[in-house]
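# Chain and residue survey
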Amino acid sequence: MGLLDNESIPRRQMTLFFLIDKSGSMDGSKIGSVNDAIENVLPIIGEISDENPDAEIRVAALEFSTDTRWLYDEPKEGKDFIWQKVTAEGMTSLGEACRELNKKLSRSNGFMSSPSGCYAPAIILLSDGGPTDDFESGLAVLKNNSWFKSAIKIAIAIGDDADMEVLKQFTGSLEAVIKVHNIDALKKMIRIIAVTSSQIGSKSSSATDESKQKQVEEQITEAAKDVAGAESAAAPAPSKQDNYDEWD
Amino acid sequence: MAIVSDGHGGERYFRSDVGSKLLVEITAEAIRQFMKLGGGYGGMRLTTSNDDPESVPGLGVVDHKLRWLFSSIIAQWNEAIERHAEENPLSEWELTHVDEKYWNEFLSAKSPEKTYGCTLMAFFRTSTYWAAFQIGDGKLLTLNMVDGEPVFAQPVPWDDKCFLNKTTSICDSKALDEFRYCYCSDKSFPTAVFLGSDGLDDTYGDGELLENFYMNVMLEIAKGKDKAMKALVSDLTEISKRGSKDDMSVAIIYDPSVAVDIAVQLLSYQMTRNIKRRESLDSKIADLEALIEKAGSEIGSESQRIELEYKKKDLVKAKEAFANLQLQWQRLRGKKGFYQRLANTQK
C-alpha cells in the first residue's frame, strides 16, 4: 500500500483548436486542401500525444461561414478524431466564431477542465478573406478570456485576399501569421503549424505561455522559409514567382 | 496550525527558497500573536473574504483583524528579506548561474521582493474558531465525514488571477488586497485539513483525483505518523516525476485518535462508489452493445458511419474502465480488511 497504488496519475491535457473558414470563397482546392491536410495531420498529433508521458493532446474543430458549427461536441484525442469533410459556402462570420470559441474556452459547458492539470491551448485559425460580421465585438469578448490570453495563437492567411490586419488582431502579432499562396504550401504549413504547436504547447517546462508562443512563431517562421509559396506575414519573402496566388 | 509557502520557480525568483522559509516562520509567529490578542469573534458560521462585511454580523470585525494580520506578515517579510539581502550579497554561484538582468534587478531594486517571491497558505484553529487564508496558488481542502461519507471543500475563495502558471504572490505590490480568507466560529471544525502546493493540483487537478490522493494520505496516517511521513517523502517524489514535475509541499491537520476509524469509513465509501460505478458502466455497456447492433444494420450516411465508429470506441473504453474497477475492488477489499484488523487491535 502507499500513496501511488490504486490511482493512476493522469497526464495533463492540452487542447488544439482548429478554426476553419468555410465561406464560399474557400470553395474548390482551398477547402479540399484544408480537409486533406487536417485529416492527415490528426494521426501525427495522436502519435505526439501517445509518445508524450506528460500530456494528452485533444483536438477540437470549429467551422464557420454564415453560421458556426463544432465538428464534435467535445474535444477528441487526435488518433480518435474522425475528420468530417468541411464544405465551403456562405459568408465569413469570424466575429461569431470568436464568440463561439469563447463559450468553449470555459470550464462550465465548455471544452476546458480545471486550469490545474492543464496546459494552455493552441488555436490555429485558417481564413482566406475578411469577416462579414461584427468581428471587433466578437474578438473583444474573446480577449477577456483567460484561456485565450494564455493560448498559443497562429493564423494561416490563405491567399492575398486574406485580411492580414484581422488575423494580426486575432493572434496578437504579425509574427504569428503565415501567408500561403498555393495548395502545396497550405497543406505543408497546416501540418508544420499543427505539429509545432502541439509539441511546444504540450511540453512540460518552466517556459511561460508567452515564451511558448514565441517559440512556435520562431519555428514556423523558419520552416516557412523552406516552403515554396509560404511566408511569414511579418517578414515576407523577397518577391519571386511563388509569392503569387495559385489556387487552381 | 499548518502553513505552506511555495517559492516561485523561474530564474527571476532565485532566492524564493529563502523567501518561503522566512515567510513560514514569520506567519507562524504572527498567527500566535493573533491568537494571543484574541483574534476571534464568536458564533459566526463559515464566512469568506467574498462575503459582504455589511451583511454578515461580525465579519467587519474579523475582516479588520485578519487584514491587520496580513499587513503584519507582509511588513515583517519585507523587513526579513531586505535584511537577508543586505547580509548576503550575490554569491559566485548566483553571479554565474542567474541571468544578469535578474541580479541587476536584485541590486538596483529598492526592495528585493521579486527575488524572494513566494505564495502562502495557512490554516489555524483555537478551541473556539478556525480560519484559513491564502495568497497565490495551491489548494487548501477541508474534509468532513458526513453520515460515513467524505465531504471535501475548498473554503478559501479562489482568485482567478491564479491561472495556469500565473499566480498572485507575497511579492506583489498590492499583496494585502490579494489575500483571501475564510473564518468560522460556530464550533464546527473540519475532520482534517490538507494544504498542498500547486505541484499537487497540477498533477491531480482540483477535483476527485486530488480528493482521492488525500483519502490515500488519510489511510497512511491511520498506520501512524512516521509511516505516513515516510510514504509522503518517497511517493511525492515519484508523483512529481510522473505528474507536474514541480516540487510538492503538503501540510495536514488531523486527529490521530479517530484516524483508523476514518480510514475504515473512507474504504467503505470507496467500495460503495466502486459498486455504483460498475453498475452504471454495466448498463452503459449493454446500451452501447444494443445501439451498435441496431446501427450496424442501418448505416446509410457518412454521419451514421462516424457515429457507429465512436460507439465502438466508447464500448472498448467502457469495458476497460469496468475491468479496472473490478481490479480496484479487489484492492479495496484487501485494504479494508487490513484497517478493520487494525481497528480491532486498537480496541
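All values derive from a computational prediction rather than experimental measurement.

## Topic: the overall build of chain A
- Tallying secondary structure elements over chain A gives seven helices and eight strands in all.
- For chain A, the C-alpha radius of gyration of 18 Å lies close to 18 Å, the compact-globule estimate for 248 residues.
- The C-alpha extent of chain A, read off along each of the three principal axes, is 65 × 35 × 30 Å.
- In chain A, which comprises 248 residues, the proportion classed as buried is 60%.

## Considerations on the sheet that holds strand E1 (residues 2–4) of chain B
Residue and element names in this part refer to chain B.
- With respect to topology, five strands assemble into an open sheet ordered E1-E3-E4-E7-E2, the strand pairing being antiparallel. What marks the edges here is a single partner per strand, and that holds for E1 and strand E2 (47–48).
- Two strands pair when backbone bridges link them, and strand E4 (residues 130–135) and strand E7 (residues 180–184) are joined in this way by five bridges, in the antiparallel orientation. Bridging from a neighbouring strand, Phe133 pairs with Tyr181 of E7.
- Sheet contacts for helix H1 (residues 16–36): E1, strand E3 (120–125) and E4; angle to E3, the most-contacted strand, approximately 30°.

## Section: a negative patch on the surface
- On the surface, B:Glu79, B:Glu82, B:Glu86 and B:Glu87 cluster together into a negatively charged patch.
- Looking at B:Glu79, the relative accessible area reads 51%, which means it is exposed.

## Thoughts on unusual backbone geometry
- With a phi angle near 60°, A:Asn109 is a residue other than glycine that sits in the positive phi range.
- Along the chain, the position of A:Asn109 falls in the loop between helix H2 (94–104) and strand E5 (122–127).
- Positive phi, close to 65°, is recorded for B:Lys245, a residue that is not glycine.
- Its place among the elements puts B:Lys245 in the loop between helix H8 (225–242) and strand E9 (250–253).

## Notes on the packing of H1(B) against helix H2 (residues 59–87) of chain B
Residues and elements named next belong to chain B.
- The contact between H1 and H2 brings their axes to 9 Å, and the two run at 140°. Classified by the angle their axes make, H1 and H2 are oblique. Once H1 is placed against H2, the crossing between them reads as right-handed. Residues Val18, Gly19, Leu22, Leu23, Ile26, Thr27, Ala30, Ile31 and Phe34 of H1 form the contact with H2, whose own contacting residues are Lys65, Leu66, Trp68, Leu69, Ser72, Ile73, Gln76, Trp77, Ala80, Ile81 and His84.

## Looking at the pattern of salt bridges
- What the rule picks out here adds up to 35 salt bridges over all chains.
- With a closest N to O distance of 3.5 Å, A:Lys214 and A:Glu217 form a salt bridge. On the criterion of helical spacing, the pair formed by A:Lys214 and A:Glu217 is a turn pair, its members being three residues apart in helix H7 (residues 209–224).
- Judged by relative accessible area, A:Lys214 falls into the partly exposed class, the value being 43%.
- Among the ionic pairs, B:Arg12 bridges to B:Glu105, the shortest N-O distance being 2.6 Å. Of the two residues, B:Arg12 sits in the loop between E1 and H1 while B:Glu105 sits in helix H4 (residues 100–108), which places them 93 residues apart along the sequence.
- Look at the salt bridges and you will find they share partners, linking A:Asp36, A:Glu39, A:Lys85 and A:Lys187 into a network.

## A few points about the interface of chain A and chain B
- Contacts between the two partners involve 34 residues from chain A, matched on the other side by 39 residues from chain B.
- Between chain A and chain B the total buried area reaches about 3,200 Å² when both faces are included, carbon and sulfur atoms providing 55% of it.
- Of the charged contacts in the structure, one is a salt bridge between A:Asp80 and B:Lys313, with a shortest N-O distance of 3.4 Å.
- Linking chain A with chain B are 10 residue pairs in polar contact (both at pLDDT 80 or more).
- If you list the elements that add at least two residues to the side of chain A that touches chain B, you get helix H4 (146–150) and H7 of chain A.
- With three residues, H4(A) is the single largest residue contributor to the side of chain A that touches chain B.
- In terms of residue class, the side of chain A that touches chain B is made up of 14 nonpolar, 10 polar and 10 charged.

## A closer look at the environment of A:Lys168
All names here are of chain A.
- Considering the arrangement of structural elements, one finds Lys168 in helix H5 (residues 164–171).
- Once the C-alpha coordinates of Lys168 and Ala234 are considered, the two residues, 66 residues apart in sequence, prove to be 9.7 Å apart.
- What Lys168 contacts, discounting residues up to four positions off in sequence, is Ser173, Leu174 and Val177.

## Details of the domain arrangement of chain B
- Split by domain assignment, chain B resolves into domain 1 (2–200) and domain 2 (264–346).
- Of note, the centres of domain 1 of chain B and domain 2 of chain B, computed from C-alpha atoms alone, are 41 Å apart.

## Describing the pairing of strand E1 (residues 12–21) of chain A
Residues and elements named next belong to chain A.
- Burial of E1 is extensive: nine of the 10 residues sit out of reach of the surface.
- Pairing of E1 with strand E2 (residues 55–64), which is carried by 10 bridges, proceeds in the parallel orientation. Counterpart to Asp21 in the pairing with E2 is Phe64.
- One crossover worth recording links E1 to the parallel E2 by way of helix H1 (residues 29–51), and it is right-handed.
- The pairing of E1 with E5 spans five bridges and is parallel. Following the sheet pairing, Leu16 is matched in E5 by Ala122.

## Topic: the layout of surface pockets
- There is about 1,600 Å³ of room inside the largest pocket.
- Lining the largest pocket we find 50 residues, and of these A:Ser8, A:Pro10, A:Gln13, A:Glu56 and B:Leu209 sit closest to its centre.
- Every element with two or more residues in the lining of the largest pocket is listed here: E1, E2 and strand E4 (76–77) of chain A together with helix H6 (198–204), helix H7 (208–222), helix H9 (259–296) and helix H10 (302–346) of chain B.
- Counting residues per element, the lining of the largest pocket draws most heavily on H10(B), which supplies 12 residues.
- Each residue belonging to the lining of the largest pocket can be placed in one class, and the counts come to 12 nonpolar, 15 polar and 23 charged.

## Structural notes on the packing of aromatic side chains
- Enumeration according to the criterion identifies 23 aromatic pairs over all chains in this entry.
- Judged by centre distance (4.9 Å) and plane angle (70°), the rings of A:Trp70 and A:Phe111 are edge-to-face. Remark: A:Phe111 occurs in the loop between H2 and E5 and A:Trp70 occurs in strand E3 (residues 68–70); sequence separation between them is 41 residues.
- Given the relative accessible area of 5%, A:Phe111 is considered buried.
- Among the aromatic residues, ring-to-ring pairing joins B:Phe34, B:Phe70, B:Phe124, B:Tyr129, B:Phe133, B:Phe179, B:Tyr181 and B:Tyr183 into one connected group.
- If you follow A:Lys153 out to its NZ or CZ, it ends over the ring of A:Phe148, 4.7 Å from the centre.
- Across the ring face of B:Trp158, the terminal group of B:Arg180 is positioned such that the distance to the ring centre comes to 5.1 Å.

Calculation notes
Residues numbered from 1 in each chain as written. Chains lettered and ligands numbered in written order. Predicted model: local features only at pLDDT ≥ 70, side-chain atom pairs only at ≥ 80, totals over all residues. Heavy atoms only, no water. Helix = DSSP H or I, 4+ residues; strand = E, 2+ residues; numbered from the N terminus. Rg over C-alpha atoms; globule rule 2.2 N^0.38 Å. Buried < 20%, exposed > 50% of the residue type's maximum accessible area, 1.4 Å probe, protein only. Pairing = 2+ DSSP bridges. Contact = heavy atoms within 4.5 Å. Axes fitted to C-alpha atoms, helices over the stretch in contact; angles between N-to-C directions. Patch = residues over 30% accessible without salt bridge, like charges linked within 9 Å, V, L, I, M, F, W, Y side chains within 5 Å. Areas by Shrake-Rupley, 256 points an atom, 1.4 Å probe, with all protein chains shown as cover. Salt bridge = Lys/Arg side-chain N within 4 Å of Asp/Glu carboxyl O. Lys, Arg positive; Asp, Glu negative; His and termini not counted. Charge placed at Lys NZ, Arg CZ, Asp CG, Glu CD. Parallel < 35°, antiparallel > 145°, perpendicular 65-115°, else oblique. Left-handed = near helix turned anticlockwise from the far one by under 90°. Buried area = accessible area lost by both parts, 1.4 Å probe. Polar contact = N/O pair within 3.5 Å; in protein donor to acceptor, adjacent residues only side chain to side chain. Nonpolar A, V, L, I, M, F, W, Y, C, P; charged D, E, K, R; others polar. Domains from an automatic or database assignment. Right-handed = clockwise from strand over helix to strand, strands pointing away. 1 Å grid on protein atoms, 1.4 Å probe; cavity = no way out; pocket = protein on both sides within 12 Å on 5 of 7 lines; lining within 4 Å. Points joined across faces, edges and corners; volume = space filled by probe spheres on them. Phe/Tyr/Trp six-rings, centres within 6.5 Å; stacked < 30°, edge-to-face > 60°. Lys NZ or Arg CZ within 6 Å of the ring centre and 35° of its normal.

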